[in-house]
Amino acid sequence: MSDPIIGIDLGTTNSLVAFADASGPRIIASPDGQMSLPSVLYINPATGALTIGAEARRRAVERPMETIYSVKRLMGRSLEEIRPDLRYLTYRVIEHAGAESQAVDVMAGPYRFTPQQLSAMILAELKRWAEAHFRKPISRAVITVPAYFDDAQRQATRDAASIAGLEAVRIVNEPTAAALAYGLDRAQDELIAVYDLGGGTFDISILRVEKGIFRVLGTHGDTHLGGDDIDRLLVELFVRDIRTQFGSGIEFDPETQQALRNFAEAVKIQLSQKTDANVEIDLGDGRAYQRTITREELETLMSPLVSRTLDCCASALMEAGLQPGQVARVVMVGGATYAPAIRAAVGRFFNAEVYTAVNPMQTVALGAAVQASILAGAGKKRDTLLLDIVPLTLGIETVGGAVTKLIGKGSHVPCHASTMFTTFIDGQAEVKIHVLQGEREMVKDCRSLGQFVLCGIPPMPAGIPRIIISLLVDANGILSVSAKEQRSGVNASIQVIPSYGLTQKEITRMIREGLEHRAEDLLDHWLIDLHNQILVDTAAIEKTLATLSDQVELGYRQELVSLIDGVRGMLHWDDPEKIARALHYLNQKSAPLAEMAITRALREG
Ligand code: ADP
Ligand code: MG
């Protein structure tokens with residue numbers, strides 16, 4: 001591999017760099033492990049020294065005049081064009097000093113920069129991350145821009161790249177990159193919507209993919225609508241609360257304002273995973289503000305924003321001359337789409353499958369990397385992986401570390417399978433669902449694709465909940481796994497792309513190892529099933545003995561108790577045939593007990 005081409009998502013809020021090879025795209029982290037770079041610059045007014053990323057972002061409220069953010073909004077625009085943006089910016093933007101009068105300059109304290117120079121600082125930082133990763137100079141990149149960027153904005157992006165010492169080998173539309181991250185260039189003549197809700201901007205794009213080529217049929221959006229607005233609504237809520245609690249006169253210094261904003265964002269992010277979150281803010285003078293906020297409260301708060309995005313979706317569809325039902329799938333992009341309510345609302349609006357398998361904050365960068373690898377000539381290698389069949393068996397972990405296989409390798413897509421699970425412990429409220437890939441029987445020998453937790457199962461005795469687990473691989477090779485407890489209706493799901501991170505070589509190796517270990521694996525799996533059976537059967541017999549204590553003869557009870565002890569002693573045995581025989585014997589002996597229990601239940605019922 002000579003001279004890698006990297007993919008860069010130069011975002012309004014966050015920027016990322018990625019690289020793709022035969023095993024698919026992945027994010028390149030900074031040398032100290034950050035996966036993304038906040039697109040924020042701080043220029044020290046005294047020395048002119050530059051601070052970039054998270055460190056600069058932390059200062060934004062304290063140093064409003066010298067902290068530069070949202071540079072992307074200024075790229076290739078005239079002062080006239082960005083007039084509506086100016087009230088959102090705390091630093092000064094003035095008419096460009098040079099020959100191109102149709103442009104602006106940014107004043108960072110006493111220092112003057114073009115937007116291209118500032119974007120170049122972000123690009124140069126990402127280039128450094130990639131160079132540290134590859135330990136060699138990087139000179140070429142694919143860079144993404146919004147679909148609506150005009151020639152001047154695209155040219156400004158190219159210029160920023162060359163200032164940073166990068167050749168922009170291609171400028172790619174963000175929605176196209178997002179679709180590429182899902183391998184949708186292979187889809188057959190399909191309509192795809194890309195819903196991108198970032199920190200401060202919302203974009204909806206309707207694409208048609210035909211023979212690997214994407215065409216943008218319509219775009220719409222709102223350049224001042226994003227996750228930051230949700231943070232702002234939360235801050236307003238906190239401030240209202242605090243004023244009610246501690247007096248309306250209370251003022252907030254910049255430090256507290258920044259803290260409120262950080263809290264708001266943290267709460268919002270937590271509420272994407274949990275149904276409630278705690279806020280605790282120290283207001284000084286022994287005053288502390290404390291409150292719990294539920295996911296429902298947040299959803300009510302942000303519902304007008306979600307509606308506005310859906311209005312934009314309707315406009316984009318109209319522009320493309322389409323109805324919502326014609327869109328085959330929606331790709332979710334941007335950190336704000338982590339919110340379950342947003343995913344659900346978008347799914348309902350389009351009545352289409354919503355793709356969330358790829359981390360929405362990374363989708364665009366990963367897609368840029370896929371485009372880069374195609375340009376670098378790795379396209380052929382990629383094709384061999386993305387076949388119309390499931391390359392490796394898909395399954396779910398069961399108690400004891402074995403895998404229940406549900407979709408066999410070689411199955412043609414689309415395909416699906418489901419199975420019934422239950423709980424193992426009385427009153428168990430949560431079940432972890434672990435999705436695996438591979439030909440071996442034990443979890444430790446398979447490749448983990450992801451896991452999720454089904455929670456909120458109402459208290460029931462072990463074995464009673466009926467949890468249906470379904471796996472669905474769609475025509476594009478994207479796997480959705482869902483779990484639903486039938487009585488209560490509680491459900492949870494996850495989406496993954498099984499082919500991500502796999503090379504043809506690894507697939508071959510995993511299949512070969514599966515064959516080599518077949519005999520011992522089956523034995524191991526049988527043993528685990530028997531061990532589980534020992535636990536379930538002995539517990540059930542003990543429970544019946546306890547409920548029928550007044551009816552069971554002492555001799556019979558003693559016989560069963562000693563049989564149970566004997567069988568439990570076999571938990572460490574590794575001769576499955578002997579265990580199976582003993583279990584069979586125990587069940588035969590306990591059959592009269594089971595009958596007594598049924599008779600009694602019928603009489604009482
Ligand atoms: P941009 O494309 O504008 O650079 P991103 O796609 O990086 O933006 O999204 C940033 C936004 O996503 C921020 O408002 C951030 O708070 C929000 N965000 C990140 N993670 C989550 C999450 N788990 N739940 C909800 N919002 C999130
Ligand atoms: Mg973005």
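Residues numbered from 1 in each chain as written. Chains lettered and ligands numbered in written order. Predicted model: local features only at pLDDT ≥ 70, side-chain atom pairs only at ≥ 80, totals over all residues. Heavy atoms only, no water.

All right, on to the pattern of salt bridges then. Counted by the stated rule, this structure contains 34 salt bridges. One salt bridge connects Arg329 with Glu353, and the closest N-O pair in it is separated by 3.2 Å. Within this pair, whereas Arg329 is found in strand β18 (residues 329-333), its partner Glu353 is found in strand β19 (residues 353-355), the two being separated by 24 residues in sequence. Taking relative accessible area as the criterion, Arg329 reaches 10% and is therefore assigned buried. (Salt bridge = Lys/Arg side-chain N within 4 Å of Asp/Glu carboxyl O. Helix = DSSP H or I, 4+ residues; strand = E, 2+ residues; numbered from the N terminus. Buried < 20%, exposed > 50% of the residue type's maximum accessible area, 1.4 Å probe, protein only.)

So, on to the nonpolar core. Ile6, Ile8, Leu123 and Ile143 are the most contacted members of the largest nonpolar core, which has 49 residues in total. At ten residues, the largest contribution of residues to this core is made by helix α3 (residues 115-134). For Ile6, the residues in contact, after removing those within four places along its chain, are Val17, Ala18, Ile28, Ala130, Phe134, Ile138, Arg140, Ala141, Val142 and Ala372. Residues Leu225, Phe238, Ala264 and Ala336 belong to the second largest nonpolar core, which totals 48 residues. (Core = buried A, V, L, I, M, F, W, Y, C linked by side-chain atoms within 4.5 Å. Contact = heavy atoms within 4.5 Å.)

Here the focus is the sheet that holds strand β6 (residues 50-52). Read across the sheet, three strands follow the order β6-β5-β7 without closing on themselves; strand pairing throughout is antiparallel. Only two strands of the sheet have a single neighbouring strand rather than two, namely β6 and β7 (67-69). Averaged over all neighbouring strand pairs, the angle between strand axes comes to 20°, with direction disregarded. Against the sheet, α3 touches β5 (40-43), β6 and β7, its axis set at about 65° to β6. (Pairing = 2+ DSSP bridges. Axes fitted to C-alpha atoms, helices over the stretch in contact; angles between N-to-C directions.)

Ile342, Ala345, Val346, Gly347 and Phe350 are the residues of helix α9 (residues 340-350) that are buried. Among the structural elements, β13 (190-197), β14 (202-210), α8 (295-320), β18 and β19 are those in contact with the buried residues of α9. Positioned one or two residues after α9, Asn351 has a phi angle of 50°, which is positive.

With that settled, consider the sheet that holds strand β26 (residues 479-485). If you walk across this open sheet you meet the four strands as β22-β25-β26-β27, and the pairing is antiparallel. A strand with exactly one partner marks an edge of an open sheet, and here the two such strands are β22 (415-421) and β27 (491-496). Sheet twist, expressed as the average angle between the axes of neighbouring strands with direction ignored, equals 15°. Here seven bridges tie strand β25 (residues 467-473) to β26, and the two strands are oriented antiparallel to one another. Bridge pairing links Ile468 to Lys484 in β26.

This part is about the packing of aromatic side chains. Evaluated as defined, the whole model comprises seven aromatic pairs. The interplanar angle of 20° and the centroid separation of 5.0 Å between the aromatic rings of Tyr182 and Tyr355 together place this pair among those described as stacked. Taken together, the residues span a long stretch of sequence, with Tyr182 in the loop between α5 (174-181) and β13 and Tyr355 in strand β19 at a distance of 173 residues. Each of the two residues, Tyr182 as well as Tyr355, counts as buried. When the centroid spacing of 4.9 Å and the interplanar angle of 80° are considered together, the rings of Phe349 and Phe350 count as edge-to-face. (Phe/Tyr/Trp six-rings, centres within 6.5 Å; stacked < 30°, edge-to-face > 60°.)

How big an interface is tends to be reported as the loss of accessible area on association of its parts. Taken domain by domain, the protein consists of domain 1 (6-225 + 301-387), domain 2 (227-300), domain 3 (394-516) and domain 4 (519-604). On a C-alpha basis, the centroid separation for the pair domain 3 and domain 4 is 29 Å. Regarding the contact of domain 3 and domain 4, the summed buried area is about 880 Å², with carbon and sulfur atoms giving 54% of it. If you sort the residues of domain 3 by the area they bury against domain 4, Phe424, Glu441 and Met442 come out on top, with a joint share of 50%. Viewed at the interface, domain 4 and domain 3 are joined by two salt bridges. One salt bridge in this structure joins Asp426 and Lys543, with 4.0 Å as the shortest N-O distance. Counting the contacts that link domain 3 with domain 4 gives four residue pairs in polar contact (both at pLDDT 80 or more). For the side of domain 3 that touches domain 4, the class distribution of residues is six nonpolar, two polar and three charged. (Domains from an automatic or database assignment. Buried area = accessible area lost by both parts, 1.4 Å probe. Polar contact = N/O pair within 3.5 Å; in protein donor to acceptor, adjacent residues only side chain to side chain. Nonpolar A, V, L, I, M, F, W, Y, C, P; charged D, E, K, R; others polar.)

Moving on: the environment of Asp105. Summarising the element assignment, Asp105 is placed in strand β9 (residues 104-108). You can call Asp105 buried: its relative accessible area is 3%. If we ignore the near neighbours within four places in the chain, the residues touching Asp105 are Arg92, Val93, Ile94, Glu95, His96, Ala97, Arg112, Phe113 and Thr114. Here the side chain of Asp105 touches Arg112 through a polar contact of 2.8 Å, side chain to side chain.

Bringing the site of ligand 1 into the picture now. Surveying the vicinity of ligand 1 reveals 17 residues, the closest of which are Thr13, Asn14, Glu265, Lys268 and Ser272. Contact between ligand 1 and Asn14: an oxygen atom at 2.8 Å from a side-chain N or O atom of the residue. Note that an oxygen atom of ligand 1 is positioned 3.0 Å from one of the backbone N or O atoms of Gly335. For ligand 1, the accessible surface in isolation is 580 Å², of which the surrounding protein chains cover 92%. For the shell around ligand 1, the secondary structure elements donating two or more residues are α6 (227-246) and α7 (254-273). The greatest single-element share of the shell around ligand 1, amounting to four residues, is contributed by α7. (Near = heavy atom within 4 Å. Areas by Shrake-Rupley, 256 points an atom, 1.4 Å probe, with all protein chains shown as cover.)

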